[in-house]
Structures are given as C-alpha cells and as structure tokens.
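Chain by chain, the residues:
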Amino acid sequence: FTYAEEDKSMRPAVNNVSYTVYEGEWVAIVGHNGSGKSTLARLMNGLLFPQTGKVRVFGEPLDEQSLWDTRSQMGMVFQNPDNQFVGATVQDDVAFALENNGVPFEEMVERVKRSLLKVKMSDFMNSEPHHLSGGQKQRVAIAGAIALQPKILLLDEATSMLDPQGRDEVLSTVQQLRAETDLTVISITHDLEEALLADRVIMMNQGNKYAEGKPEEIFQRGQELVDLGLDLPFAMNVSRLLKKQGVTLVAEHMSEEELV
Ligand code: ADP
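The structure contained in this document is the topic of the report that follows.

Basis of the calculations
- Residues numbered from 1 in each chain as written.
- Predicted model: local features only at pLDDT ≥ 70, side-chain atom pairs only at ≥ 80, totals over all residues.
- Heavy atoms only, no water.
- Axes fitted to C-alpha atoms, helices over the stretch in contact; angles between N-to-C directions.
- Helix = DSSP H or I, 4+ residues; strand = E, 2+ residues; numbered from the N terminus.
- Parallel < 35°, antiparallel > 145°, perpendicular 65-115°, else oblique.
- Left-handed = near helix turned anticlockwise from the far one by under 90°.
- Contact = heavy atoms within 4.5 Å.
- Nonpolar A, V, L, I, M, F, W, Y, C, P; charged D, E, K, R; others polar.
- Expected span 1.5 Å × (residues − 1).
- Buried < 20%, exposed > 50% of the residue type's maximum accessible area, 1.4 Å probe, protein only.
- Arc of directions from axis to C-beta.
- Pairing = 2+ DSSP bridges.
- Right-handed = clockwise from strand over helix to strand, strands pointing away.

Packing of helix α4 (residues 105-118) against helix α5 (residues 134-147) brings their axes to within 9 Å, and their N-to-C directions diverge by 135°. For the element pair α4 / α5, the angle class is oblique. As α4 runs across α5, the sense of the crossing is right-handed. Here Arg111, Ser115, Leu116 and Lys118 of α4 lie close against α5, whose contacting residues are Ala143, Ile146 and Ala147. Residue classes in the contact of α4 with α5 are distributed as four nonpolar, one polar and two charged.

Moving on to α4. In an α-helix, one full turn covers 3.6 residues, which means residues spaced three or four apart are oriented alike. Taking 1.5 Å as the rise per residue, α4 with 14 residues should run 20 Å; its terminal C-alpha atoms sit 20 Å apart, in good agreement. All of the buried residues along α4 are Met108, Arg111, Val112, Ser115 and Leu116. Here the buried residues of α4 occupy an arc of 125° about the axis, which is enough to place them on one side. Summarising the geometry of α4, the exposed residues directed more than 90 degrees from the buried face are Glu106 and Leu117.

Here α5 spans 20 Å end to end across 14 residues, near enough to the 20 Å set by a 1.5 Å rise per residue. Along α5, 13 of the 14 residues are buried, which leaves the element largely enclosed by surrounding structure. Where α5 ends, the next residue or the one after it, Gln149, has phi of about 55°, a positive value.

The next thing to look at is the pairing of strand β5 (residues 152-156). Consecutive side chains along a regular strand alternate between the two faces of the sheet. Burial of β5 is extensive: five of the five residues sit out of reach of the surface. Across the two faces of β5 the burial is the same, with Ile152, Leu154 and Asp156 and Leu153 and Leu155 all buried. Relative to β5, strand β4 (residues 74-77) runs parallel, the two sharing four bridges. Residue pairing for β5: Met76 is matched across the bridge by Leu154. At this point the chain moves from β5, through helix α6 (residues 164-180), to the parallel strand β6 (residues 184-189), and the crossover so formed is right-handed.

Taken N-terminus to C-terminus, the directions of α5 and α6 make an angle of 25°; their axes are 8 Å apart at the nearest point. One way to sum up the angle between α5 and α6 is to call them roughly parallel. Here α5 runs over α6; the crossing is right-handed. When α5 is examined against α6, the residues Gly135, Gln136, Gln138, Arg139, Ile142 and Ile146 are found in contact with a partner set consisting of Gly166, Glu169, Val170, Thr173, Val174 and Leu177. Partitioned by chemical class, the residues of the contact of α5 with α6 number five nonpolar, five polar and two charged.

Set out below in structure tokens:
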C-alpha cells in the first residue's frame with residue numbers, strides 16, 4: 001500500500017507483508033514510528049484497501065461488500081482516550097454503538113452492564129467520561145468495543161498515551177478478557193513490554209515485515225531491537241547496559257519480576 005499511488009517517488013507504507021492471525025490468538029504488531037503499523041491496522045479494518053494484494057478476514061476477501069460485516073466483528077480501541085467518547089456518561093457511551101446497531105433496549109442495558117463488569121468499571125456507570133483517568137477511559141473504550149460482541153479486538157496504540165498504572169490496567173483487562181473468552185486480539189504497539197504478553201509478535205520495519213515469532217524469540221535479538229529504534233523493557237535495558245560493563249545482573253534463580 002502506497003499513500004499517494006500516483007507519486008512513484010513515495011515508498012510504500014506497507015510492502016509485501018504477509019501474515020495470518022489465528023482465532024483466539026493475541027498478536028502484537030511492533031515497530032518504531034513510521035514502520036507501517038497504523039497503515040496495517042487501517043488495511044485490516046478496511047479504512048484503506050491495498051493497491052496490490054489481499055486482506056482476508058475470516059477467510060473472506062475484505063472489500064466494499066464485506067466491509068460492514070467485517071467491521072461489526074472487529075472492535076477497535078485507539079490511541080487517544082479523549083477522542084473516543086460520544087456519551088455524556090460512561091453507560092451512555094458504551095450503549096451508543098449498540099443503539100446505532102438497533103439492539104433492543106433490554107438487551108442493550110444487559111450488554112452495557114456485562115461489558116462494564118468485564119472491564120471492572122461498573123462503579124463508574126453514571127460518571128462523566130472526562131472525569132476518569134486515562135486507564136479508566138481506555139477500559140470504557142474496551143467495554144464499548146466488546147459490547148458489540150466482536151470476534152476480534154484491535155488495539156491501535158491503545159496504551160501509548162497512558163501512565164504506567166493506566167497501561168497496566170488496560171493490559172490486565174485484555175489478559176483477563178482473553179482468559180474468559182475466545183477473543184482474538186491484535187495490538188499495534190511500539191511498546192515491547194506490551195508485546196511480551198502476546199502469543200506472537202510481528203515486527204515491522206520501513207513498511208516490511210522484519211521478523212515474526214514468539215515474544216521470547218523476538219526478544220533474543222537484544223541490540224538489534226535497539227538499532228531498529230525500539231525501546232527495550234526496563235529490566236532488559238538495565239541488564240544489557242550492565243552486561244556491557246561486564247556485570248551479569250540476572251542470576252539464573254532470579255526472575256525478571258524480582259529484578260524489577
Ligand atoms: P506507524 O504506525 O508504524 O508509525 P504508519 O503506518 O503511520 O507507521 O506510517 C507508515 C509510512 O506511511 C510512514 O512513512 C508515514 O509517513 C506514511 N504515512 C502514514 N500516514 C500517511 C498519510 N495519511 N499520508 C501520507 N503518508 C502517510
């Protein structure tokens with residue numbers, strides 16, 4: 001996919017990238033700024049269509065015809081928690097898309113309740129969204145997405161504007177949702193710590209797929225990740241810098257959690 005197709009001098013934002021996400025998996029797409037992650041997200045939900053190649057969702061080519069069906073199966077949570085609210089209260093906000101989709105009133109009330117319970121935001125049902133913390137806002141955004149009962153949850157840099165506590169809240173919400181349901185999660189992130197939680201990592205660089213594998217396989221690349229402009233998780237960074245000075249910090253019996 002190239003943004004201005006007529007401009008031949010432009011390099012494709014996404015080039016020759018091929019991957020599959022399996023049902024029930026959590027796949028993290030990582031890469032530094034400009035590596036093509038958001039373009040991939042837009043290609044996956046049909047905000048953009050590739051000039052060559054195909055996107056298949058649930059095995060079917062994503063095109064103008066299948067677009068709305070696909071979107072209804074794909075919940076999206078975006079980067080900026082403040083840009084996602086339409087309702088005056090938390091419950092109105094979660095109900096908004098359901099109302100638009102013609103879900104009957106009683107079912108709507110039930111789904112709003114259930115979704116807020118799942119993200120542990122039931123106590124804030126009547127709160128005004130702008131009074132919430134960043135992490136709470138994103139949890140409400142997740143509730144809004146899962147209320148539609150999608151098969152896929154697509155998180156596009158959903159934690160990148162949050163403080164560490166907010167980020168942990170959102171990530172543990174996603175982990176808990178996955179433990180309770182067969183939700184497929186695709187998270188687009190430049191945060192390698194977030195990627196550690198995924199089942200599989202796809203690494204982008206300059207519009208190409210640079211690597212793909214389990215988090216531990218990707219993390220073994222150490223310095224290579226730094227060279228690609230990615231920030232290593234804190235504990236890895238400390239350990240790596242000390243290693244340069246001949247100090248091995250992580251003893252075999254010591255877990256990364258203990259180290260942190
Ligand atoms: P990432 O999400 O990894 O930061 P993007 O997908 O946003 O990467 O960007 C990939 C490339 O496409 C970059 O070179 C970027 O400048 C370019 N790009 C992104 N959005 C647009 C746009 N709307 N118009 C033109 N070029 C764009």
